[in-house]
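# A look at the structure
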Amino acid sequence: MKTVHVIGAGFAGLTVSLRLAQKGFQVELYESSDRVGGLLGTDQTPYGIAERAANALIRTEKAEGLFSELGLTPSFPLESSKKRFLFRNSPKAWPLTFLETLTLIGRVLPRVLIGGKKVLRPQAGETLLNWGERRIGKAPTRFLLGPAMQGIYGNEITHLSASLILGPLFSGAKRSKYKGLLTGPGGMQDLVDHLQTRLQELGVKIHLNSNVNLASLEGPVVLATSAKAASVLLAEKHPEFSKVLSKIQMSSLMSVTLFFTKAQEEFKGFGCLIPRGFDLKALGVLMNSYIFKDRDKTYNETWILGGQQEEALLDLPDNEILKLLADERFRILGQKDTLLDYRINRWKKALPFYDLNLENALADLAEVPEPAGFYLHGNYLSGIGLSKILERSDWIAEKIASEHG
Ligand SMILES: Cc1cc2nc3c(=O)[nH]c(=O)nc-3n(C[C@H](O)[C@H](O)[C@H](O)COP(=O)(O)OP(=O)(O)OC[C@H]3O[C@@H](n4cnc5c(N)ncnc54)[C@H](O)[C@@H]3O)c2cc1C
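The name recorded for the protein chain in an unreviewed UniProt entry is HemG protein, from Bdellovibrio bacteriovorus.

In structure tokens, the structure reads:
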């Protein structure tokens, strides 16, 4: 039986290990920390659960397939979560004025009708801000595109790469219809636990607290870490490749889950995204109790803060973060409620910054031959979301099977 080494046991490392083990490889999985899951995890509190980072996956066929093969009954979002808010002086289901909406339709529709959707395709080296102002206009860029993208990528659209983020929409590949989200009944930790159990059943050896040295490994190696960590691992053996990886910047995010004595009932929905320009630090809020059923004993929300320009927020002590959020919550939702409990997760330099720098680095990576026997994996390569990571796990396992099977 051939051995494959997987470094990093976040969602990328866990899922690629599963696929490799299912193909009959002996998998050795190395994790530098004392647990598997990476960014994924769920904290238990007396008032309900608090997700550390991701709260769900997009419900693709592959994601549903993963839950079903792991024997994990998925939790689907409530009807109430279909409503989403965008802030413009107050939370709004549609933040554009009547005139701005007409201008948007007048600007986009004729172009698409004549040239097809490819006329909207972003150019290389273009930021989302530039693309938006060029293609959909200033107000839709500020109040729709900006907050939506910042909610996913955790950074302002002034720096995000349009072609990395929107390019796949115009690639011509068939896209399946959006069917919503799914998670484990006990949150994302449920998924991590089920993955870990299945890996152990399949004979995958999980080495926690590991300080693996590539020189000691024989056989194919999957680097399922951040680009920075992959760059350090490859520095000695493959300096040129390592240098390109080292150019990829990471950004920081913080999730703050707040449990209240009483539910806010004015805005019932998935959450509210907050554009820049209102002198508010929060990027968005998830109204957890209106998203998933029966998980919480009391009403709670998760607020997201940070990004490249606001990294210093992560250094604030808990009491200052709570004070800042109490003020902003009052400005955004008009609520002042008694806090029962909270959980803060500070993710320093934990997410790839999907900026023009990453666009250039990925173009450079395509030019430098991948060192033989090494396979890069992770959220900086084909998408930040878990469903994209899962797709790449399948693809890497197929590739290794065809090259080393
Ligand atoms: C606040 C927040 C909210 C999010 N919300 C969502 C969401 O709702 N839906 C969604 O799809 N995505 C979401 N994401 C993104 C998603 O969670 C991540 O993209 C994904 O979990 C990354 O998985 P990964 O395995 O690539 O990386 P990681 O989870 O970072 O795992 C990498 C692992 O490698 C280990 N490692 C590093 N160096 C070494 C080494 N030298 N040796 C061994 N091990 C090493 C690390 O310890 C870590 O365990 C969110 C992210 C954040 C921060």
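On to the overall build of the protein chain, then. Helices and strands together make up the secondary structure of the protein chain, namely twelve helices and 16 strands. Here the C-alpha radius of gyration of the protein chain, 22 Å, is about what a compact globule of 405 residues would show, namely 22 Å. Here the C-alpha coordinates of the protein chain stretch approximately 65 × 55 × 40 Å along the principal axes. Here the protein chain holds 405 residues, and the buried ones make up 52% of them. Within the protein chain, contacts between residues at least 6 apart in sequence are counted, and of these 74% link residues at least 24 apart. Summed over all atoms, the accessible surface of the protein chain reaches about 18,500 Å², with 55% contributed by carbon and sulfur. The averaged location of the 43 negative side-chain charges in the protein chain is 6 Å from the averaged location of its 49 positive side-chain charges.

Two modes of strand pairing occur in sheets, parallel and antiparallel, and in both the strands are linked by backbone hydrogen bonds. Reading across the sheet, the seven strands line up as E7-E6-E12-E13-E14-E11-E15 and stay open at both edges, with mixed pairing between neighbours. The open sheet is flanked by strand E7 (90-92) and strand E15 (339-352), the only strands paired with a single partner. Ignoring strand direction, the axes of neighbouring strands in this sheet form an average angle of 25°. Direction of pairing for strand E11 (residues 250-260) relative to strand E14 (residues 300-306): antiparallel, over a ladder of seven bridges. In the sheet register, Met254 faces E14, and the bridge partner there is Leu305. Contacts between helix H5 (residues 138-153) and the sheet are confined to strand E6 (85-88) and strand E12 (271-273), with E6 contributing the most and set at about 120° to the helix.

Moving on, we get to the sheet that holds strand E9 (residues 205-207). Spatially, five strands are ordered E9-E2-E1-E10-E16 in an open sheet, and the strand pairing comes out parallel. The open sheet has two edge strands, E9 and strand E16 (374-376), and neither has a second partner. Looking at each pair of strands side by side, their axes are set apart by 20° on average, direction ignored.

Listed in full, the buried residues belonging to helix H2 (residues 61-70) are Ala63, Leu66, Phe67 and Leu70. Buried residues along H2 cover an arc of 95° about the axis, so they all sit on one side. The exposed set on the far side of H2, more than 90 degrees from its buried face, consists of Glu61 and Ser68. Looking at the buried residues of H2, the elements they touch are helix H1 (11-22), strand E5 (57-58), strand E8 (181-182), helix H7 (188-201) and helix H12 (386-404).

Attention now goes to the domain arrangement of the protein chain. Split by domain assignment, the protein chain resolves into domain 1 (3-40 + 57-65 + 185-249 + 354-404) and domain 2 (95-170). Look at where the C-alpha atoms of domain 1 and domain 2 centre, and you get two points 32 Å apart. Across the boundary between the two partners, domain 1 contributes seven residues, which contact twelve residues of domain 2. Between domain 1 and domain 2, the buried area comes to about 760 Å², and carbon and sulfur atoms account for 69% of it. Sorting the residues of domain 1 by area buried against domain 2 places Tyr354, Leu356 and Glu359 first, and these three jointly supply 71% of that buried surface. Our count for the contact surface shared by domain 1 and domain 2 stands at zero salt bridges. The residue makeup of the side of domain 1 that touches domain 2, split by class, is five nonpolar, no polar and two charged.

A few words on the packing of H2 against H7. In contact at an axis separation of 10 Å, H2 and H7 are set at 60° when each is read in the N-to-C sense. Taken together, the axes of H2 and H7 lie oblique to each other. Handedness of the crossing formed by H2 with H7: left-handed. Contacts between H2 and H7 involve Leu66, Phe67, Glu69 and Leu70 from the first element and Leu191, His194, Leu195 and Arg198 from the second. For the contact of H2 with H7, the per-class residue count stands at five nonpolar, one polar and two charged.

The next subject is the site of the ligand. Surveying the vicinity of the ligand reveals 27 residues, the closest of which are Glu31, Leu39, Ala56, Ile384 and Leu386. The contact in question runs from an oxygen atom of the ligand to an N or O atom on the backbone of Phe11, over 3.1 Å. Here a nitrogen atom of the ligand sits 3.1 Å away from a polar atom, N or O, in the main chain of Ser32. Alone, the ligand offers 1,000 Å² of accessible surface; in the complex the protein occludes 83% of this. Taken together, the residues that form the shell around the ligand break down as 17 nonpolar, nine polar and one charged.

Bringing the pattern of salt bridges into the picture now. By the definition in use, this model includes 25 salt bridges. A cluster of three or more residues bridged by salt bridges with shared partners is formed by Arg19, Lys62, Glu69 and Asp394.

Rules behind the numbers
Residues numbered from 1 in each chain as written. Predicted model: local features only at pLDDT ≥ 70, side-chain atom pairs only at ≥ 80, totals over all residues. Heavy atoms only, no water. Helix = DSSP H or I, 4+ residues; strand = E, 2+ residues; numbered from the N terminus. Rg over C-alpha atoms; globule rule 2.2 N^0.38 Å. Buried < 20%, exposed > 50% of the residue type's maximum accessible area, 1.4 Å probe, protein only. Contact = heavy atoms within 4.5 Å. Areas by Shrake-Rupley, 256 points an atom, 1.4 Å probe, with all protein chains shown as cover. Lys, Arg positive; Asp, Glu negative; His and termini not counted. Charge placed at Lys NZ, Arg CZ, Asp CG, Glu CD. Pairing = 2+ DSSP bridges. Axes fitted to C-alpha atoms, helices over the stretch in contact; angles between N-to-C directions. Arc of directions from axis to C-beta. Domains from an automatic or database assignment. Buried area = accessible area lost by both parts, 1.4 Å probe. Salt bridge = Lys/Arg side-chain N within 4 Å of Asp/Glu carboxyl O. Nonpolar A, V, L, I, M, F, W, Y, C, P; charged D, E, K, R; others polar. Parallel < 35°, antiparallel > 145°, perpendicular 65-115°, else oblique. Left-handed = near helix turned anticlockwise from the far one by under 90°. Near = heavy atom within 4 Å. Polar contact = N/O pair within 3.5 Å; in protein donor to acceptor, adjacent residues only side chain to side chain.

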